[in-house]
Amino acid sequence: MKWSSRIAVTALLAAAGMLAHAATFAAESYPTRPVRFVVGFPPVGSIDTIARIVGQKLTETWGQQVVIDNRPGAAGNIAAELVARATPDGYTLLLASPGPLTITPNLKRYMSFDPEKDFAPLTLVATTTAVLLTLPSGPASVKDLIELAKAKPGRLNYASSGYGSSNHLAAELFKIMAGVNIVHVPYKGAGQVMPLLSGEVQITFSPIIPALPHLRSGKFRAIGVTSGKRTLAAPDIPTIAESGLPDYEINSWYGIVAPAHIPRSVLDKLSDALISIIRAQDVHERLVREGADPVASTPAEFAAHLRAERAKWAKLVKAAQLKIE
């Protein structure tokens with residue numbers, strides 16, 4: 001080997017060593033400043049509650065402030081785009097729900113970010129369910145609702161948190177399986193509960209977390225949860241499948257992602273911290289009280305979950321003939 005070639009190889013090895021050392025130092029020192037935790041919905045409702053539970057514990061663990069940054073709009077896509085474009089250094093994270101990463105890609109031909117390539121999965125925090133709500137004077141069961149909807153086609157309205165949201169898709173699956181015609185009325189953010197309370201709509205599929213206080217106060221009646229099994233937070237509420245619509249099942253979830261190309265050492269440190277926090281007894285118990293079933297997956301497990309979710313929602317979007325131009 002020529003002397004000049006030896007110098008070049010030595011220089012490359014030295015550079016690689018410096019990069020490895022820098023990555024190790026970055027992981028050991030991370031975080032050295034506040035971390036931004038982006039949420040694609042207003043500071044109310046289920047996803048914001050989960051973010052604040054996890055964010056508070058991260059602050060306590062790291063001694064660095066974790067700032068919740070609510071960026072509502074477009075069913076979570078505005079927040080997702082912001083994080084997709086952020087510097088991949090571990091200081092900007094997204095608490096994701098099904099919409100921007102697994103549902104919207106099946107609805108829109110063009111997106112401003114790539115849900116598969118622009119994010120690094122960290123952990124699946126928890127799975128959760130929606131609950132089918134009526135007023136106390138409304139149908140008392142899923143069977144009663146189906147009978148009423150068939151007797152009054154096109155005259156019952158349901159609220160959602162926006163076109164393409166998971167609760168919108170939950171209602172569309174209900175319509176297909178029950179063979180009924182109920183009308184979709186979308187609302188911004190997590191606002192689908194109040195229209196039911198005011199009588200603007202007759203039913204809604206709401207995330208269970210914001211619905212629980214209204215159920216406890218008697219303002220609403222829950223006639224079924226969308227998940228395949230009863231939720232730990234409200235085990236007395238039957239599933240929609242067992243209450244009148246066999247084989248119906250829609251599960252939702254909350255997971256944390258970072259911008260793609262985050263240093264592996266920082267990703268591992270983040271993932272380890274998050275898994276430890278979610279598995280802590282006090283956090284586990286609080287998540288259950290809030291209507292979520294804790295998971296705490298590895299990055300690889302969460303990535304596999306996202307792939308399966310995209311395939312699942314693709315089938316439903318096609319069956320419901322939904323799209324966003």
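As a reminder, the structure under discussion sits directly above these lines.
None of these values were measured; they are calculated from a predicted model. (Residues numbered from 1 in each chain as written. Predicted model: local features only at pLDDT ≥ 70, side-chain atom pairs only at ≥ 80, totals over all residues. Heavy atoms only, no water.)

Undergrad: Would you take a moment to explain the sheet that holds strand S10 (residues 252–259) for this structure?
TA: For sheets, the rule is that strands pair by backbone hydrogen bonds, running either parallel or antiparallel. Taken in spatial order, the six strands line up as S2-S1-S3-S10-S4-S11 in an open sheet, and their pairing is mixed. At either end of the open sheet lies a strand with only one pairing partner, and these are strand S2 (66–70) and strand S11 (292–294). Each strand of the sheet is rotated relative to its neighbour by a mean of 30 degrees, with strand direction disregarded. Taken together, the three bridges between strand S3 (residues 92–96) and S10 define a ladder with antiparallel strand orientation. Across the sheet, the residue bridging to Leu 95 is Ile 256, located in S10. Helix H2 (residues 46–62) rests against strand S1 (35–39), S2, S3, strand S4 (119–128), S10 and S11 of the sheet, and its axis sits at about 160 degrees to S2. Along the sheet, helix H10 (residues 281–289) makes contact with S4 and S11, crossing S11 at roughly 155 degrees. (Pairing = 2+ DSSP bridges. Helix = DSSP H or I, 4+ residues; strand = E, 2+ residues; numbered from the N terminus. Axes fitted to C-alpha atoms, helices over the stretch in contact; angles between N-to-C directions. Contact = heavy atoms within 4.5 Å.)

Undergrad: Where do I start with the sheet that holds strand S6 (residues 157–160) in this structure?
TA: The five strands lie next to each other as S7-S6-S8-S5-S9, forming an open sheet whose pairing is mixed. Each edge of the open sheet is held by one strand with a lone partner, namely strand S7 (183–186) and strand S9 (221–225). The sheet shows a mean angle of 30 degrees between the axes of neighbouring strands, taken without regard to direction. Inspection of the sheet shows strand S5 (residues 130–134) paired to S9 by four bridges, in the antiparallel sense. By the bridge assignment for S9, Leu 132 is matched with Gly 224. The sheet contacts of helix H8 (residues 208–217) involve S5, strand S8 (203–207) and S9, and relative to S8 the element is tilted by about 115 degrees.

Undergrad: How should the nonpolar core be read in this particular structure?
TA: Side chains of a nonpolar character, in soluble globular proteins, are inclined to be buried together. Core analysis: the largest hydrophobic core is formed by 53 residues, its most contacted members being Phe 37, Ile 50, Leu 95, Val 125 and Ile 256. A per-element tally of this core places helix H9 (residues 264–279) first, with eight residues. Among all residues touching Ile 256, those that are not within four sequence positions of it are Phe 37, Val 54, Leu 93, Leu 94, Leu 95, Pro 121, Leu 122, Thr 123, Val 125, Leu 274 and Phe 302. In terms of nonpolar packing, the next biggest core, distinct from the first, is built from 29 residues, Leu 107, Ile 223, Ile 240 and Ala 320 among them. (Core = buried A, V, L, I, M, F, W, Y, C linked by side-chain atoms within 4.5 Å. Buried < 20%, exposed > 50% of the residue type's maximum accessible area, 1.4 Å probe, protein only.)

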